[in-house]
Amino acid sequence: MTLSCTEQQRTTCSVGGMYTALAIEKFLPIMHCGPGCYANVSCTLGTMNGGQSPETYNNSIVPSTNFCEDDVVFGGVDRLHALVGECIKYYDSDLYLIIDGCTAEIVGDDLEEVANAFQSEEKPIIYTSLPGFKGNSVWGHGEVLASIVDQYMKPAADIDPLQVNIFGIVPYFDPHWSATLDRLEELLIYLGLKPNIIYGRNRGKKNIDKIPAAGFNLVLAPWTDLALAEKLKEKFGTPYLHFDNQPIGPTETAKFIRRICKYANLGELKAETYIKKEEDRYYYYLRRSYPWIYSCKNFPREFVVNASAAAAVSVSRFAVNDLGMIPKRIYVTDGIPEEYQPGVEAMLRDVEYDGDFEVIFTEDGGLFEDSLKYEDLTIRKLCVFGSSWELVPTTKEKLPFVPVTTPLGDFMLGSKTYFGYEGGLTFMADLYSDAANKVIDVQI
Ligand code: SF4
C-alpha cells in the first residue's frame, strides 16, 4: 500500500478564517476549539508570516474556551456561554464572532443559541462554524464574510454610485494584503471613486456598515470572494466587477485602470494622465537598471511558481508580459474548489506566450522540491516564486527566488507590496538582486 501526504502546507485548516476577523479593527474572534487549533494557524498566517502580528487583537490574547475532554463528553456550551459574557465585559470590541473547530462541531454545540443570548444593537455577536474537516483557511475566510453578510448586514437607505467595496484579497493569507489595500485605495481615490475597505487601520465596523450602500463591488482575485460578490448581488442588488489579479507592473496596472474607469463611467482623461505619468516614471527606472540587468548574463528566463492562485496569476502576468520570461510549471496551492479550476487555469494561460507549460492544482507544496530531483540544473536554471518553504532548495541549487506567498517565516514585510507600477519595480529589484547573488558564478 502506498501512503501519501501533503508537505509544506501553504494554508491552514479552516480555523485560519479567524485571521479575516483579526484583520478588521476591533472585531474579536471568540474561539470554541482546542488551544492547539488556533495556535497552529498563527504559525502560518500571523507572526511567522512576514512578521505580521494582528491588530487590534494579537493572536496571543484571542479568548478561547480551550475545548477539552470534559467538553467532548458533556458538551461545551455552558463554558462558551460564560466566556462570551466575560468577553463582552472586558474586551472593548465593535463586533464579536464566535468560531468553533472540529470537536465542538462534532459534539453539536449550538453557537447560534449562545450568540442570540447576548445579542444587542451596541455589541453585535455573530457566529460561524469552521471545523477543519470542511475546508482550509481560504474556505474559512469565505465563511466568516458570509456570516457577516447573513447575520449582521442590513440594506442601505441610499446607494452611492461612486462607492466601491474591495474584495478578493484574503488578509494574512495574502502576505502583502495590508500595503496592497493602502496603495489600491490611493489609486481609486485619485481616479474619483470612494473605495470602501473593511480590513486594516482606521476602517473596521463603520466600513462594514457601508457595504450595502456601494454602487458596485470590486473582486480583485482569480476566484476568492466571487461567491461573496454573488451573495451581495442577491441580497442588496449590488453589481460587481471581477478583475482576475492584483496588477503588478505597467501592463496589468494600465489594463486594470482602464477597465475600472470604463466600468464606473469615470471618463478617460484621468486614467490616461495617470498611466502616462506612472509609465514615464517606471521606464525611467527600468532604463537606468538596464546595464546592470544585462550584466546578469546567466539570468534564467524560465520560472516556476509554487503559490496561491492570486499570487500565481499576478506574478505570471508580470514575469511574462513585462519581464519577457517563460513559465515552466505553476503549482496552485490554495485548494481551489473544482468548479473554479478551469477558469483559474485559463487566467494563468492568458499571457503573451504561445508555448506550453504545466498548471498543477495541488495543496502539496512539496511537489516542487521533489521535481528538482529530475531537473537538469547545470546550465538552464530556473527562477522560483513561492514561499519560505522554497528558501532551502533555491539556496542549495542557487535558483533566483522571490517570496510571494504565505508562509513567509524568514522575511519581515513591513509595508511591502508588489502592487502597481511601483510594485513592479520592487519585484524586479528583488528578483535581480537575488539572481546576482546566486547565478553570476555558475560555471558553464
Ligand atoms: S483540523 Fe480541527 S482539530 Fe485540527 S487544528 Fe483544525 S479545527 Fe483543530
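Numbering of residues starts from 1 in every chain and runs along the sequence as written. Where totals are concerned, whole chains, interfaces and linings use all residues; where local detail is concerned, this predicted model gives features only for residues with pLDDT of at least 70, and gives and counts side-chain atom pairs only at 80 or more. In computing side-chain values, all of the structure's heavy atoms are included and hydrogens and water are not.

A.B. asks: Help me out: how do you make sense of the overall build of the protein in this one?
C.D. replies: Going along the chain from the N terminus, every DSSP run of H or I of four or more residues is numbered as a helix, and every run of E of two or more is numbered as a strand. Along its length, the protein carries 17 helices and twelve strands. Based on C-alpha atoms, the radius of gyration is set beside the globule rule, defined as 2.2 Å times the residue count to the power 0.38. In terms of overall dimensions, the protein is globule-like: its C-alpha atoms have a radius of gyration of 23 Å, near the 22 Å expected for 444 residues. With respect to the three principal axes, the spread of C-alpha positions in the protein is 70 × 60 × 35 Å. For every residue, the accessible area (1.4 Å probe, protein chains only) is compared with the maximum for its type, and the residue is labelled buried under 20%, exposed over 50%, or partly exposed between those bounds. Burial analysis of the protein (444 residues in total) assigns 55% to the buried set. Between two residues, a contact is recorded if the distance between any of their heavy atoms is within 4.5 Å. Relative to all contacts within the protein whose residues are 6 or more apart in sequence, the contacts with residues 24 or more apart total 75%. Just so you have it, the protein exposes about 19200 Å², and 52% of that area is on carbon and sulfur atoms. Here Asp and Glu are counted as negative and Lys and Arg as positive; His is not counted, and neither are the chain ends. A charged residue contributes its charge at one atom only: NZ of Lys, CZ of Arg, CG of Asp or CD of Glu. For the protein, the distance from the average position of its 40 positive side-chain charges to the average position of its 61 negative side-chain charges is 8 Å. Accessible surface area values rest on a Shrake-Rupley calculation with a 1.4 Å probe, where residue burial reflects the displayed protein chains alone.

A.B. asks: Is there a simple way to explain unusual backbone geometry in this structure?
C.D. replies: Of note, the amide linkage connecting Glu 55 to Thr 56 takes the cis form, showing an omega dihedral of 5°. Position of Thr 56 relative to the elements: it lies in the loop between α2 (35–45) and α3 (69–74). Cis peptide bonds are those with omega within 30 degrees of zero, and the linkage from Thr 406 to Pro 407 qualifies with -5°. For Asn 66, which is not glycine, the phi dihedral falls at a positive 50°. Examined against the element boundaries, Asn 66 turns out to sit in the loop between α2 and α3. You will see that Lys 398, though not glycine, has its phi angle at about 55°, which is positive. In this fold, Lys 398 is placed in the loop between α16 (391–396) and β12 (401–403). We classify Lys 398 as partly exposed; its relative accessible area is 31%.

A.B. asks: Hey, could you run me through the sheet that holds strand β5 (residues 194–196) in this one?
C.D. replies: Backbone-to-backbone hydrogen bonds pair the strands of a sheet. The strands run either parallel or antiparallel. Strand pairing is assigned whenever DSSP identifies at least 2 bridges connecting the two strands. Within the open sheet, the four strands sit side by side as β5-β4-β6-β7. Their pairing is parallel. Strands with a single pairing partner mark the edges of an open sheet, and in this sheet they are β5 and β7 (240–243). The sheet shows a mean angle of 25° between the axes of neighbouring strands, direction not considered. Relative to β5, strand β4 (residues 160–167) is paired through three bridges, and the arrangement is parallel. Only the contacting stretch of a helix is used when fitting its axis, a line to C-alpha atoms as for every element, and angles between N-to-C directions run 0 to 180 degrees.

A.B. asks: Would you explain the packing of helix α13 (residues 309–321) against helix α14 (residues 341–349) in this entry?
C.D. replies: For any two helices packed against each other, one specifies the inter-axial angle together with the distance between the axes. Viewed as axis vectors pointing N to C, α13 and α14 meet at an angle of 20°, and their least axial separation amounts to 9 Å. Taken together, the axes of α13 and α14 lie roughly parallel to each other. Judged by the twist between their axes, the crossing of α13 over α14 is left-handed. Facing Ala 309, Ala 312, Val 313, Ser 316 and Arg 317 of α13, the residues of α14 in contact are Val 344, Met 347 and Leu 348. Roughly parallel covers angles under 35 degrees, roughly antiparallel covers those over 145, roughly perpendicular covers 65 to 115, and oblique covers all other angles. Should the near helix be turned anticlockwise from the far one by less than a right angle, the crossing is left-handed, and should it be turned clockwise, the crossing is right-handed.

A.B. asks: Before we go on, may I ask you to explain the side chain of Ser 388 in this structure?
C.D. replies: Considering the arrangement of structural elements, one finds Ser 388 in the loop between β11 (382–386) and α16. The residues touching Ser 388, leaving out its near neighbours within four places in the chain, are Pro 407, Leu 408, Gly 409, Asp 410 and Phe 411.

A.B. asks: Can you walk me through the nonpolar core in this structure?
C.D. replies: Most often, soluble globular proteins have nonpolar side chains that are buried together. If you look at the biggest cluster of nonpolar residues, it comprises 119 residues, and the most contacted ones within it are Met 18, Ile 148, Leu 188, Phe 256, Ile 257, Phe 385 and Phe 427. Only buried Ala, Val, Leu, Ile, Met, Phe, Trp, Tyr and Cys residues count toward a nonpolar core, and they belong to the same one when joined by side-chain atoms within 4.5 Å. Counting residues in each nonpolar core, the second largest holds nine residues, with Leu 372, Leu 377, Val 384 and Phe 401 among its members.

A.B. asks: Could you clarify how one ought to interpret the sheet that holds strand β1 (residues 27–32) in this entry?
C.D. replies: The sheet built from three strands is open, its strands ordered β1-β2-β3 with parallel pairing. Sheet topology places β1 and β3 (125–129) at the edges, where each strand pairs with a single neighbour. In this sheet, adjacent strand axes meet at a mean angle of 25° when their direction is disregarded. Pairing analysis gives six bridges linking β1 to strand β2 (residues 95–100), with the strands arranged parallel.

A.B. asks: Can you walk me through the domain arrangement of the protein in this structure?
C.D. replies: A common way to state how big an interface is: give the accessible area lost once the parts meet. Domain start and stop positions are those given by an automatic or database domain assignment. In terms of domains, the protein is made up of domain 1 (14–151), domain 2 (160–269) and domain 3 (289–438). Here the C-alpha centroids of domain 2 and domain 3 sit 25 Å apart. Contacts between the two partners involve 29 residues from domain 2, matched on the other side by 32 residues from domain 3. Here the quantity called buried area is the accessible surface, traced with a 1.4 Å probe, that two parts lose on coming together, added over both. With both sides pooled, the region where domain 2 packs onto domain 3 buries about 2500 Å², and carbon together with sulfur makes up 68% of that total. The largest per-residue losses of area from domain 2 upon contact with domain 3 belong to His 176, Trp 223 and Ile 248, which jointly make up 31% of the total buried on that side. A side-chain nitrogen of Lys or Arg and a carboxyl oxygen of Asp or Glu constitute a salt bridge if their distance falls within 4 Å. Taken together, the links from domain 2 to domain 3 amount to two salt bridges. Glu 252 serves as the salt-bridge partner of Arg 317, at 3.3 Å between the closest nitrogen and oxygen. N or O atoms closer than or at 3.5 Å make up a polar contact, with two conditions inside protein: a donor-capable atom paired with an acceptor-capable one, and, for residues adjacent in sequence, both atoms drawn from side chains. In this assembly, domain 2 and domain 3 are joined by ten residue pairs in polar contact (both at pLDDT 80 or more). Counting residues per element, the ones that place at least two in the side of domain 2 that touches domain 3 are α8 (177–191), α10 (226–236) and α11 (249–263).

A.B. asks: What is the right way to look at the pattern of salt bridges in this model?
C.D. replies: Should the charged atoms of two oppositely charged side chains come close, the side chains can pair. A full pass over the atoms with the stated rule returns 26 salt bridges. The salt bridge involving Glu 375 is made with Lys 328; its shortest N-O contact spans 2.6 Å. Of the two residues, Glu 375 is situated in the loop between α15 (367–371) and β11 and Lys 328 in strand β9 (residues 326–332); the sequence distance between them amounts to 47 residues. With relative accessibility at 25%, the residue Lys 328 sits in the partly exposed group.

A.B. asks: Before we go on, may I ask you to explain the site of the ligand in this structure?
C.D. replies: Every residue near the ligand is listed here: Cys 13, Val 15, Cys 37, Gly 101, Cys 102 and Gly 132. For this classification, the nonpolar set comprises Ala, Val, Leu, Ile, Met, Phe, Trp, Tyr, Cys and Pro, the charged set comprises Asp, Glu, Lys and Arg, and every other residue, Gly included, is treated as polar. Its residues assigned to classes, the shell around the ligand shows four nonpolar, two polar and no charged. Near residues are defined by distance, with any heavy atom within 4 Å of the molecule or strand qualifying the residue.

A.B. asks: How should the packing of aromatic side chains be read in this particular structure?
C.D. replies: A ring pair, where both rings are aromatic, is described by two values, the distance of the centres and the angle of the planes. Stacked, tilted and edge-to-face pairs are distinguished by plane angle, under 30 degrees for stacked and over 60 for edge-to-face with tilted covering the rest, among Phe, Tyr and Trp rings (Trp via its six-membered ring) whose centres lie within 6.5 Å. Under the counting rule described, the total for this entry stands at 18 aromatic pairs. When the centroid spacing of 5.4 Å and the interplanar angle of 40° are considered together, the rings of Trp 223 and Tyr 340 count as tilted. Taken together, the residues Trp 223 in the loop between β6 (214–220) and α10 and Tyr 340 in the loop between β9 and α14 connect sequence positions 117 residues apart. What makes Tyr 340 partly exposed here is its relative accessible area of 21%. Each residue in the set Phe 303, Phe 318, Phe 385, Tyr 418 and Phe 427 is aromatic and connected to the rest through ring pairs, giving one cluster.

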